[in-house]
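# Structural overview
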Amino acid sequence: METLAKKLKLKSETVYQSIAKKHNTDAEYVGKIARGERRPVRGKGLKILNELKALTKQNK
């Protein structure tokens, strides 16, 4: 039997997970870009970086 906590955890999604799903990659890759461990200069990584920057500008 599943508990409510397990069911809610399946439904909740982090920002990294939603961006990863949108760009067909995994949340770990998005996290590396956000932390500065990867510095994308083109392609999918650059799109993810720009989206992360846009999110931080909206929250200010």
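Residues numbered from 1 in each chain as written. Predicted model: local features only at pLDDT ≥ 70, side-chain atom pairs only at ≥ 80, totals over all residues. Heavy atoms only, no water.

## Thoughts on unusual backbone geometry
- Although it is not a glycine, N24 adopts a positive phi angle of roughly 55 degrees.
- With respect to the helices and strands, the residue N24 is situated in the loop between helix 2 (15–22) and helix 3 (27–35).
- Among the residues examined, N24 registers a relative accessible area of 67% and is labelled exposed. (Helix = DSSP H or I, 4+ residues; strand = E, 2+ residues; numbered from the N terminus. Buried < 20%, exposed > 50% of the residue type's maximum accessible area, 1.4 Å probe, protein only.)

## Here we look at the nonpolar core
- Core analysis: the biggest nonpolar cluster contains 7 residues, these being I19, A20, V30, I33, I48, L49 and L52.
- Where this core is concerned, the elements lending two or more residues are helix 2, helix 3 and helix 4 (43–58).
- Looking at this core element by element, the count peaks at 3 residues for helix 4. (Core = buried A, V, L, I, M, F, W, Y, C linked by side-chain atoms within 4.5 Å.)

Geometric descriptors of this kind do not, in isolation, establish any biological role.
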